[in-house]
Structure formats: C-alpha cells, structure tokens
2 protein chains.
Amino acid sequence: MGITQSLHRWAQQAPDREAVVEGESRTTFLELRERVARLGGALRGLGVEPGDRVAILALNSTRYLECLNAVPWAGGVLNPVNIRWTPVEIAYTLGDSRTEVLFVDDAFTGAVPVLRSRLAFTLTVVHIGDGPTPEGMYRYEDLLAGAEPTPDADRGGSDLAGVFYTGGTTGFPKGVMLSHDNLLASAMGGLVATAAFRIVPNARVLHAAPLFHIAGYGVSLMTSIVGIPQVILPFFDAERVAALVQEQRVTEIFLAPTMLQMVLDHPRFATYDLSSLRLLTYGASPITATLLDRVLKALPGTSLVQAYGQTELSPLATLLMPQDHLDADPARLRSAGRPCFHADVRVVGPDEGELGRGEVGEIVSRGDHVMLGYWNRPDESEQVLRGGWMHTGDLGFMDTDGYLTVVDRLKDMIVTGGENVFSAEVENAVGTHPDVEACAVIGLPDATWGERVHAVVVLHAGRDVGADEIRAHAKTLIAGYKAPRSVEFVEKLPLTAAGKVRKSVLRERKGER
Amino acid sequence: MGITQSLHRWAQQAPDREAVVEGESRTTFLELRERVARLGGALRGLGVEPGDRVAILALNSTRYLECLNAVPWAGGVLNPVNIRWTPVEIAYTLGDSRTEVLFVDDAFTGAVPVLRSRLAFTLTVVHIGDGPTPEGMYRYEDLLAGAEPTPDADRGGSDLAGVFYTGGTTGFPKGVMLSHDNLLASAMGGLVATAAFRIVPNARVLHAAPLFHIAGYGVSLMTSIVGIPQVILPFFDAERVAALVQEQRVTEIFLAPTMLQMVLDHPRFATYDLSSLRLLTYGASPITATLLDRVLKALPGTSLVQAYGQTELSPLATLLMPQDHLDADPARLRSAGRPCFHADVRVVGPDEGELGRGEVGEIVSRGDHVMLGYWNRPDESEQVLRGGWMHTGDLGFMDTDGYLTVVDRLKDMIVTGGENVFSAEVENAVGTHPDVEACAVIGLPDATWGERVHAVVVLHAGRDVGADEIRAHAKTLIAGYKAPRSVEFVEKLPLTAAGKVRKSVLRERKGER
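Here the residue numbers are simple positions, counted from 1 along each chain's written sequence. Chain A is the first chain written and ligand 1 is the first ligand written, with later ones labelled in order. This being a predicted model, a pLDDT of at least 70 is required before a residue's local features are given, and a value of 80 or more before pairs of side-chain atoms are given or counted; all residues contribute to the totals for chains, interfaces and linings.

> Run through the overall build of chain A, naming residues and quoting values.
Along its length, chain A carries 17 helices and 26 strands. The globule rule puts the C-alpha radius of gyration for 513 residues at 24 Å, and the 23 Å found for chain A is close to it. Viewed in the frame of its principal axes, chain A has a C-alpha envelope of about 65 × 55 × 50 Å. Look at the contacts in chain A between residues 6 or more apart in sequence, and 68% of them connect residues 24 or more apart. By definition, any uninterrupted DSSP run of H or I lasting at least four residues is a helix, any uninterrupted run of E lasting at least two residues is a strand, and each is numbered from the N terminus. It is over C-alpha atoms that the radius of gyration is taken, and the globule rule equals 2.2 Å times the number of residues to the power 0.38. Residues are defined as contacting one another if the C-beta atoms placed from their backbone atoms lie within 7 Å.

> Describe the domain arrangement of chain A, naming the residues involved and giving the relevant values.
All names here are of chain A. Looking at chain A, the domain boundaries give domain 1 (27-155), domain 2 (181-408) and domain 3 (413-509). For domain 1 and domain 2, the distance between their C-alpha centres works out to 28 Å. Sorting elements by how many residues they give to the side of domain 1 that touches domain 2 places helix H3 (residues 62-73) first, with 4 residues. Classes in brief: Ala, Val, Leu, Ile, Met, Phe, Trp, Tyr, Cys and Pro nonpolar; Asp, Glu, Lys and Arg charged; the others, Gly included, polar. Classifying every residue of the side of domain 1 that touches domain 2 by side-chain character gives 8 nonpolar, 5 polar and 1 charged. For the domain bounds, the source is a domain assignment made automatically or taken from a database.

> Any chance you could break down the sheet that holds strand S24 (residues 436-446) of chain B for me, citing the residues and the numbers?
Residues and elements named next belong to chain B. Strands are treated as partners if at least two bridges between them are detected by DSSP. One open sheet holds the 3 strands; their spatial order is S24-S25-S26, and the pairing between them is mixed. Among the strands making up the open sheet, the edge pair consists of S24 and strand S26 (486-489). Going from strand to strand, the sheet's axes swing by 25° on average, the running direction of each strand aside. Taken together, the 10 bridges between S24 and strand S25 (residues 450-459) define a ladder with antiparallel strand orientation. Bridge pairing in S25 links glycine 443 to valine 453. Every axis in this analysis is a line fitted to C-alpha atoms, fitted for helices over the stretch in contact. Angles between the N-to-C directions lie between 0 and 180 degrees. Strand contacts of helix H15 (residues 423-431): S24 and S25, with the helix running at about 140° to S24, the strand carrying the most contacts.

> Could you give an account of the interface of chain A and chain B, naming the residues involved and the relevant values?
A common way to state how big an interface is: give the accessible area lost once the parts meet. On the side of chain B, 25 residues touch chain A, which itself brings 25 residues to the contact. The set of elements that each furnish at least two residues to the side of chain A that touches chain B consists of helix H1 (5-13), helix H7 (180-198) and strand S16 (338-339) of chain A. Top element by residues in the side of chain A that touches chain B is H1(A). It accounts for 6 residues. Of the residues that constitute the side of chain A that touches chain B, the class distribution is 12 nonpolar, 8 polar and 5 charged.

> An account of the pairing of strand S4 (residues 77-80) of chain A is needed here, citing residue identities and associated values.
Residue and element names in this part refer to chain A. Around each residue's C-beta, the other C-beta atoms within 10 Å are counted; 20 or more make the residue buried, 12 or fewer make it exposed, and counts in between make it partly exposed. All C-beta atoms are placed from the backbone. By the alternation rule, side chains of S4 split into Val77 and Asn79 and Leu78 and Pro80, which are all buried. Summarising the sheet, strand S3 (residues 53-57) and S4 pair through 4 bridges and their orientation is parallel. Its bridge partner being in S4, valine 54 is matched across the sheet by leucine 78.

> If you had to explain the sheet that holds strand S2 (residues 25-28) of chain A to someone new, which residues and values would you point to?
Residues and elements named next belong to chain A. Here we have 9 strands laid out as an open sheet, ordered S2-S1-S11-S10-S12-S13-S14-S15-S16, and mixed in their pairing. Looking at which strands have only one partner, the edges of the open sheet turn out to be S2 and S16. Where strand S13 (residues 279-283) and strand S14 (residues 303-309) come together, 5 bridges link them in parallel fashion. Residue pairing across strands places tyrosine 282 opposite glutamine 306, the latter belonging to S14.

> Which residues make up the packing of helix H10 (residues 257-265) of chain A against helix H11 (residues 289-298) of chain A, and what are the values?
All names here are of chain A. Where H10 contacts H11, the axes come no closer than 11 Å and their chain directions differ by 50°. By the angle between their directions, the pair H10 and H11 is classed as oblique. The chirality of how H10 crosses H11 is left-handed. Along its contact with H10, which presents Pro257, Leu260, Gln261 and Leu264, the element H11 presents Leu291, Arg294, Val295 and Ala298. Here the residues of the contact of H10 with H11 are counted per class, giving 6 nonpolar, 1 polar and 1 charged. Each angle is binned into one of four classes, with values under 35 degrees roughly parallel, values over 145 roughly antiparallel, values of 65 to 115 roughly perpendicular, and all other values oblique. Handedness of a crossing follows from how the near helix is turned relative to the far one, being left-handed for an anticlockwise turn of less than a right angle and right-handed for a clockwise one.

> Can you tell me about unusual backbone geometry, naming the residues and giving the values?
A cis amide bond, omega -10°, links A:Ser314 with the succeeding residue A:Pro315. As for its position among the elements, A:Pro315 is in the loop between S14 and strand S15 (316-320). Unlike most non-glycine residues, B:Ser314 shows phi in positive territory, near 65°. Its place among the elements puts B:Ser314 in the loop between strand S14 (303-309) and strand S15 (316-320). Among the residues examined, B:Ser314 registers 35 C-beta atoms within 10 Å and is labelled buried. Of note, B:Asn376 is a non-glycine position whose phi angle comes to about 60°, a positive value. Its place among the elements puts B:Asn376 in the loop between strand S19 (373-374) and helix H14 (378-384).

Listed below in structure tokens is the structure:
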C-alpha cells in the first residue's frame, strides 16, 4: 500500500468526479490517473529509477498535485522544496539528497541557473509553468504528450516516499526521510478522528497553505484518500481565500493561525459568504482566545481542529477537537489536544522515564508515523530516535485526560509566521559578516508573526554597522523570513562555563522567560 | 504499533471511562489495562513466550475481551475458537497450531477432556467462568491475583497477532495467520469510512455476534480504537438484543441478516425502544429488499452499513454505505458496496487479468489487510496469494462506480445462518458412513438460514439408510449447523470427464443455477 493508492481507488469508484479545481480548469480522477501514469512514464524516460529523488519547486497548482503522484508512481522519492528558501539553501538540499530531476514553475525558473552552478551533477529540469519554457528545460505538456503511460511502480510500506527538508539545528536543513507507511499512518490516524467533519455532502478542500510543506501535503493526502476534490490557490492571499471559499462552496481549509488572522482582518471579509465551511484546521501554534472568539463569531457553522506534530512525525501527533474549542476551558485551548490512535505520545524526563501528569518534560512519540531518519545523518537520526521514540525537542506536559500542552519549543527554535527558523542557521549567516564578532539569535513575541527573529550582535572592536546592513547581509544567504527583523548590539554575550551563549539570559533581558 | 495500542491510548486519555459493560459489571479503561497487564504477567508465568498460540473457547464476556488483549500483551498469538465446532474439530485446530494454553468458560469446560485426549501435548487450561473451577484447570481470578503486571511485549507490525481458523476446503479448518498490521489496516480502513456513524455522543457498541468470529472481533477492534464502551451479550438472543439496546442506550451493533430478522420477528420487538441505535452493520450476505424495508421502517434513525470481506482479509474489503441503502437502487442493494481505502479490489479472469466493468470473474484483493498465509500450509497459501493478490474464491463483478456484486461464493461454499460451511467437509463426514458410496453437498435457498446444507447421496448397492441417520452420523463428526438439513438419494452423481462431481447440474435439478 502506497501513497498513490487513493488515485487508483477514486479512478475506480468515481472516475468522473472532479479531483482538482484550479481557476477555470477541472481535472477528474480518471484524467488525473491517466496524466499521472503518463507523467510517470515520462519520468522513467528521463532516467528516474526506483528510489531516485525528484524535487518540485513551485507554487500550488494542478500540476504540482500531478507531480506529487507521478513521482511515487514512477518509483521515485518526493523532494518538495520550500519555496521561501534562497537558491543557495535549495542547492544545498538538492546536493545533499542528490536530487537530479527538478520540476519548476514560472515563479522559480530564475533560480535554476544558481542551482545548476552550485551542483556537482547535471540537473534535469522540467518546466511546469504556462509561460515560455526557458532553454535547457523540458516543457511539461510536451513530455506528457510524448510519453507512454507506465504502470504504477507499486512502491509502498517501508519504501522511502519522500525527503522533506526542514530547517537544520546545525545551520543547514535536514532531509526527513518518510516512508509510504509513515505518511499513510499519520493520514489514516488523522482521518479516523476527523472524518465526520471532512466527509460531508459536496465536500471540497481548499489548499491555501503551500503543498511543499508537510502540513499542506498531509491535508492533501488525507483528502485524496477520502476522494475530496481539491481546490487550488497558487499561494496564500487573504482575500482570494475568502473569495474561493464562497465561489467553490469550500467545506474544508487548513490555515496557520497567522493566515487565519489575515483572512479575518481583511477589510472585505464580511462581504464574502463562508457559510459552506465545515472544517477549519490549523497548526504550527495554538489559537489565542481572542482569535478563537472572532472565528466562532465569524464562522458559526465551522468546526475547528488544531493539529500538532512535526515533519519527523509525518506530521501528525495530536489533535484538539471541535468540542474542545467549544468547552471554553482555557487550559485545553492552550493545549495541542490528545494523541491520535497512530501516535503513542509521552512526556519523558532526562532519563527517558515517563513523567507524571502535569510535569514538564520532552515530548516523545512512537508509532508507524515516525520518520525513517534524516538523510545521510545516521548519528543525528540515532540520537533523536533513541529507544525507538522520536524525541521532538518540544517541551510539554500532559494532563490527566491526555491533553498535551507544548510549553516551549526546541530550546532555540523560533516560529515566525508559521515557519520554523533555527537560530543556529541565522547565527551562521549573520556571523559571516566581516564586522561581526559574535551573534546569538532568539525569538521575541510579535503581534503579527507570533515570534520574530531577533539577533543580539557583538561587533569587532572599532567597527560600526547598522541593523539594516546586518539584515541585508543575512538575506543574501538565507530566506527573508529567517533574517533578523530586529538587531541589538551589545558589548558581550552572556556565556556558560562551557562557553555557550546563555540565551535564557538574553530572553530575560527582553522580558521573556 | 500493535492491537494493544488502543488500551494504552484510552487508559491515558479516558482512564475512568467505561470500557466494558456486562450485566451489573463495569470495567474502566484504566482497570482494563491493569487487569490485562496482570493477566499478561500470568501468561508469561504459565510459560507463554512471544509467538506462542493461546486459544479462547468461550461465550462473549468481559474476560473474553481481557484475554483478547492480554495474549498479545504477553507477546502471544490469539487463537479464538469457533464455539459451534465439535471437540474433535477444535482439537484438530489446537493440534494443528500447537496451541498449548486454552482459556475456557463454564459453557465449554465439558469439551476439555476430549481436547486433552486428542492432543499429543499437554494443554494448560485457564477457567474463566464464574462456576466452580474443574480439577486440572487454573482459576482465572486466582491467576490474576497471584501475578505481577508485565510490561506490554510491544508486538506489532508484521508480527503474528492471531491464527483464525476457518472452515477448510479440504475438509479441515485452515488457520488464517493475521499480523498486527493486517488487523489494524482493516480496522483503520473501516473506521475512516464509518467514523461519523460510530463516534457519536455517548457511543456504545453491543456485541451480540460472537467475539471469536473475525467479524465480531473486527468490530471490537474498531470500536476499541475510538474508545467506545463495549456492551457484552454472552450469546445472541433476539429479545436480549432489543432489551440491551434499550437499557444501555446502545448506538452501534453488528448483526448477520439472519440475526437481524430474528430481532425484528420477535413478538415483543415493538415494546422496546431502540431509538438510540445510530449504526447497524451487517455482513455475511446482502440484505433483501423486504428486510431492508422493515428495518428502515422499524429503525428510522439508524444508518445501515454492509461489510464484505473474509477472514483472509482481516476481514474487511468493501462497504455498502448508509446512503446506498437509501438510494433505493436495487442493483446497489444487491451489491457489497465499494472498496475501502486499505483494500485494493479487482475482478480478474482465469489469466489473472483485470476484467471490464460488469464482467464476472474472481474477486481479488491486495493491501496491508491480506493475511500472512495459512498456518502450516505453504502450498495453499502460495496458491491463493499468487501474484500478491488474495484470491477470495468469490465470483463477482464491479460496476462503473466501483460497486462490487458477489454473484457466487467459492463454488462449493454454503452460507447458512451466517456461518460458512465448506461442502468438502460435510462430504467427508457423510462419506464415513459405512453405507455411503458417494456424496455431494450443495447449498439450497432457505427462508430461515439463507441457505441450507443439502446432501446428494449414492448408497452402496443393496443398502438402505434414511436421511435422519445420515444427518445423525454427520453430527457425530461435525457441528450441527454443518450437518445436512436435507438429504436426497440418487443412483449416481453427474461427473466431469476428470471424474469430479458436476455440482452445477445438481443445483439445476433443484431449480438453482
């Protein structure tokens, strides 16, 4: 059993149902299966062998969904690229995983020369955009037209399905290896809990969050399993979300709380009819009581579900269910809900022993959803998977009814606008500025972004640089959202005896714990 | 991930919720987990090692459910015994699978001496009844009281979870080996489709069908995954079903159509309030339009779901959903519904190629729910699992919307009162009568039992025996429901060129195809 099974199933059971809706375009399940089989043939023709990695660098589109199916169909391994990363970062992930085939759309063709210049192997590029195909790339529709449909390679079980890169604690992204079983375990566990809210008459899901992200991909996988048509939004736009929900009578959507707030804040929000919405799932962070209150008032017919997990958990571990949002117990609202069936979740102390209810420790999880490991990083994999449990790096506690509350993230991680930023990566970037002697990066609370990236910098003696220059320099190396939004200059950093920066002291100075 | 996971989960999330209700007795999830851990310790103390088979021969009870959890908890393999079999048949299955430990309740202690006399090894017997414990058996509560709780052996994945014996085509039952993954794949696939009807406020399932049967066990596994309290009925009784639904406000029940008919036919049916019932699943055969009509009128608030599968499929393959029952398309009502996500289902011809829609061929299925094989029968296993597909032996066709209709069962199989009877087994039994020269057994339509077992017998020249004696003889060897209900005597049987009985001719003579 593999991730392409839903395509076989719905082509068999509902061949004429709309599988994908994008603008004026409609693709039925039968058409989707046929195009995927043909694209699978094209990939084989390009030399993709079972287990070979294939990357996608694109905005959401019907073709993105076709690629997500055709790569495993051909026997390949998905490598969905974070579109917010710089070409330097992307080149690193392609090189790290030796991904030799790349799908790219019009928005990202410009990155290809940089990628090619930094890779030690030849990158085969397929252009999935509607614009003119740049030289040195294959045109998607030409490839499809010239290819024979190939039978499904029938990859499944513990076969590698994807390498999902996530911000790396060592300053470089790490490739999370997920098998077909991993992804399906999370999807089925999530579906059992939420099917009642998803399988509704005339169900339609809107993809407003990016499909490259494990959350967006996970929603896509879950809804494809139950045969729900997927409405495509190329990228998040608050008004387009509201407009598409109204136009397509969308019943389900996934949004980060930041996105949700932007939709509600939009000046024309009240002019749209969002009454079709039955399920709104959100993740990355809990919802504030204020935001919840606004949602319950603005969308009275919509059930809310919070999902907690991480890429390493494929990604789902716990769910805060609709009823929990209505019970108005503030402690529960701050929690991440309770473990799904597929995810054994515990809170453990430094000795790996399970802690009592209410005691804060590291959140660990075990089950078929736990990643195979990090690509080419056996030591780090062994470390986080020690004892058969995925050590999330999140600190939290569980109450007597199994509700899990995350009290702190992996010590140094910053979540800004729903994206994970590892401070070490930012510190590495800032540290390359010739005038910088030392740097520590922390997250500070931010009304818009949840947290913002804040850099504490020590300059070399006699140098004088402004915050803008530090920020601009960082942006040449890392994505804009990772670059510090604020910079403070200090004489020296507080250090531990072992010479490590005491970030807790930096946070305390800013009024943070 | 294994079949004990639901126990861990609900003891964590709802420790005080009722897990089992039986008469006046209540067992919470926390109590259940503690008793199971203790019983697991007792089993280890009795010498049960990982992979060892442990049988249960009992009516439904709280203790039955405890055993179903404690055996895998201790690392053992379940062997739930068909309570309708004769001690001779049961002894065969225990011997075949070398099952050295047996749980037995008051109803079946009488069979133990026969079992012991026929087994080549020592049978350790644990008495789970409330009556006095016969000599040579352990008393259940004493064992529990004297045992230390043991940690879960954490069996899961492709580890063997159970050997489920099913009537054998060669005249002896075959042990269907199911792994943890097999059972969970079927359960999760079924739950994704039906969760909306199962996870309802104050949900409670009533076990009226026997827990030894894969259908009853499957329902128990599904409902335990979503934490629904299980109400126990020791054995099917039409009025007790109605009374318990009323008394316990039961929301879900599984019944074979024959059982359902008996409930509706009961003279006091109308005096009971069954309005709490949200879901009625049935299996083993389609529902007749007449019966459906009665159900829809008698239980207007109840959704109907038909399940199709077999032990070898753990057991679920397709579901006919509530809406299909309301659409009143008679062709769909005769169908078995559509494949669940976990079950790739096709109809193939003799060359194993997939047939067109509407064409009749053998129903095959592929996926994580397909058994590991038959215990100690590598050749038969290889034969039915050829090409990676489970060959169900059922003939059927699929329509253009993926609805599967079973037009004939494994050529010679008879389904009577929801139980499978393989004609070869009956023929073997009848054939041992000294006056019988040849015998062929077919199923004939029967208003009460669906089908009845009919024997066509050729006597040795000059002998004269009546139908009653044939029937009585058979009952000394096989269960009563397997013995022929009608017997006809003929001069000779119609044979093929290869010397096989042409059963189609026998059926035609009786007005059957």
